[in-house]
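For reference, the chains in residue letters:
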Amino acid sequence: MSKDFYCGLDLGSSRAKLVLIDEDKNILGQSITRSGSNFNTTANNALNKVLSENNLDKDNLIATVSCGYGRENVEFANAHKTELGCHAKGSFHYFPFAINVIDIGGQDNKIIKIDENGKRRSFKMNRKCAAGTGAFIEEMAMRLDLNISDLNQIASSAEGLVTIGSYCTVFSATEVLEHIRNGKKVEDLVKGIFASVVKRIIEMDSFEDKVVMSGGVVQHNPLVAEMMSRELGIEVLTAKYPQLTGAMGAALYALELQN
Ligand code: ADP
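Residues numbered from 1 in each chain as written. Predicted model: local features only at pLDDT ≥ 70, side-chain atom pairs only at ≥ 80, totals over all residues. Heavy atoms only, no water.

Draft legend 1. Molecular detail of the overall build of the protein chain. A tally of regular secondary structure across the protein chain gives nine helices and 10 strands. Taken against the 2.2 N^0.38 rule, which gives 18 Å for 259 residues, the C-alpha radius of gyration of the protein chain at 19 Å falls within 12% of a compact globule. The principal-axis extent of the C-alpha atoms belonging to the protein chain is close to 65 × 35 × 30 Å. Residues classed as buried in the protein chain amount to 53% of the 259 residues present. Taking all contacts inside the protein chain whose residues are at least 6 apart in sequence as the whole, residues at least 24 apart take part in 65%. For the protein chain, the accessible surface area stands at approximately 12200 Å², while carbon and sulfur atoms represent 46% of it. Within the protein chain, one finds 28 positive and 32 negative side-chain charges whose respective centroids are separated by 4 Å. (Helix = DSSP H or I, 4+ residues; strand = E, 2+ residues; numbered from the N terminus. Rg over C-alpha atoms; globule rule 2.2 N^0.38 Å. Buried < 20%, exposed > 50% of the residue type's maximum accessible area, 1.4 Å probe, protein only. Contact = heavy atoms within 4.5 Å. Areas by Shrake-Rupley, 256 points an atom, 1.4 Å probe, with all protein chains shown as cover. Lys, Arg positive; Asp, Glu negative; His and termini not counted. Charge placed at Lys NZ, Arg CZ, Asp CG, Glu CD.)

As structure tokens, this is what we get:
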């Protein structure tokens, strides 16, 4: 007999993340794709791809919970949850003690404080501008004519760091181009871009307990987590797949729907 499984979907403004878990909370399959302009189609395509890649039968899908920007557009979801709730749940699943979660997504960043019982104590969210988000990094990469997938490696080879003083993404782009004209090294600039992200987040809150970082920026740029740890003087933890944290939280909610 085939095993039952549960689906969590995090339809972010930038990327759609899907996780399938079994009753024991083991991940059976996962996917990360661009969110696109039709969230329902994106979600269906992601599900069908993960099912076929892992030889799973849709009939064994017991429940689906969606979260994120496009959560209400997923027709096969049994319930929706907020992204804050799902990020908190996913983070506490991996790190079940008092934590400060820093999630850096495509168009926002969040700080969620969770107590030792997994209860949310507080949260802060920056949705107002691109500073400190994945979109900021993507914009800077475009200005430097670099592929976003190469940034972590480039920044890791830096011997120095060029400080980006501007807060605003548009002004930062002008500043970066000015530095290039003045002969600054690309690797020092990319590290400076990462440092700018770290600074914008540190300005948002104070941090105690252990810090957990999640989201696409950290998944693809682990150097950002290292720089955050150095800057805060606090240990920074990351799950194996930081970008899937919200989807994992949603999958855990889907499992609870049945129990
Ligand atoms: P959201 O939930 O808001 O859609 P994510 O947590 O999925 O955001 O993170 C999206 C961000 O992750 C992008 O803005 C980008 O900075 C980064 N990212 C996504 N894919 C890649 C990649 N292949 N290489 C490097 N960075 C990436």
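Draft legend 2. Representation of the packing of aromatic side chains in the model. Inspection of the entire model under this criterion finds two aromatic pairs. The ring of phenylalanine 207 is capped by lysine 113, whose NZ or CZ atom sits 5.9 Å from the centre of that ring. Just above the ring of phenylalanine 97 sits the side chain of lysine 210; from NZ or CZ to the centre is 5.8 Å. (Phe/Tyr/Trp six-rings, centres within 6.5 Å; stacked < 30°, edge-to-face > 60°. Lys NZ or Arg CZ within 6 Å of the ring centre and 35° of its normal.)

Draft legend 3. Structural detail: unusual backbone geometry. In this model, asparagine 55 sits at a positive phi of 55°, which is unusual for a non-glycine residue. Mapping asparagine 55 onto the fold places it in the loop between helix H1 (39–53) and strand S4 (61–67). The backbone of aspartate 145 shows a phi angle near 60°, a positive value even though the residue is not glycine. For aspartate 145, the location among the structural elements is in the loop between helix H3 (134–143) and helix H4 (151–156).

Draft legend 4. Spotlight on the pairing of strand S7 (residues 109–114). Burial of S7 is extensive: six of the six residues sit out of reach of the surface. Of the two faces of S7, both are covered, the one formed by Asn109, Ile111 and Lys113 as well as the one formed by Lys110, Ile112 and Ile114. Pairing analysis gives six bridges linking strand S6 (residues 99–104) to S7, with the strands arranged antiparallel. Residue pairing for S7: aspartate 103 is matched across the bridge by lysine 110. Inspection of the sheet shows S7 paired to strand S8 (residues 120–126) by six bridges, in the antiparallel sense. Each bridged residue has a counterpart across the sheet, and for asparagine 109 the counterpart in S8 is asparagine 126. Where S7 folds back onto S8 in an antiparallel hairpin, the turn is made up of five residues, including glycine 118, whose phi is positive at roughly 85°. (Pairing = 2+ DSSP bridges.)

Draft legend 5. Local environment of the sheet that holds S8. With respect to topology, five strands assemble into an open sheet ordered S8-S7-S6-S9-S10, the strand pairing being mixed. Strand pairing shows two members of the sheet lacking a second neighbour, S8 and strand S10 (236–237), which therefore form its edges.

Draft legend 6. Highlighting the side chain of histidine 179. With respect to the helices and strands, histidine 179 occurs in helix H5 (residues 169–181). For histidine 179, a relative accessible area of 16% corresponds to the buried category. When sequence neighbours within four positions are dropped, the list of residues in contact with histidine 179 reads Val162, Thr163, Lys184 and Leu189.

Draft legend 7. Region of interest: the site of the ligand. Taken together, 19 residues are adjacent to the ligand, and Ser14, Arg15, Lys17, Glu138 and Gln243 come closest. A distance of 2.8 Å is found between an oxygen atom of the ligand and a backbone nitrogen or oxygen belonging to glycine 216. Interatomic distance of 2.8 Å between a side-chain N/O atom of glutamine 243 and an oxygen atom of the ligand. Across the complex, the protein chains shield 90% of the 570 Å² of accessible surface that the ligand would expose by itself. (Near = heavy atom within 4 Å. Polar contact = N/O pair within 3.5 Å; in protein donor to acceptor, adjacent residues only side chain to side chain.)

Draft legend 8. Structural context of the packing of H3 against helix H6 (residues 186–202). Interaxial distance between H3 and H6 falls to 10 Å at its minimum, and their mutual angle equals 160°. Judged by the angle between their axes, H3 and H6 are roughly antiparallel. The chirality of how H3 crosses H6 is right-handed. For the pair formed by H3 and H6, the contact residues are Phe136, Ile137 and Met140 on the first element and Ile193, Phe194, Ser196 and Val197 on the second. Along the lines of polarity and charge, the residues of the contact of H3 with H6 split into six nonpolar, one polar and no charged. (Axes fitted to C-alpha atoms, helices over the stretch in contact; angles between N-to-C directions. Parallel < 35°, antiparallel > 145°, perpendicular 65-115°, else oblique. Left-handed = near helix turned anticlockwise from the far one by under 90°. Nonpolar A, V, L, I, M, F, W, Y, C, P; charged D, E, K, R; others polar.)

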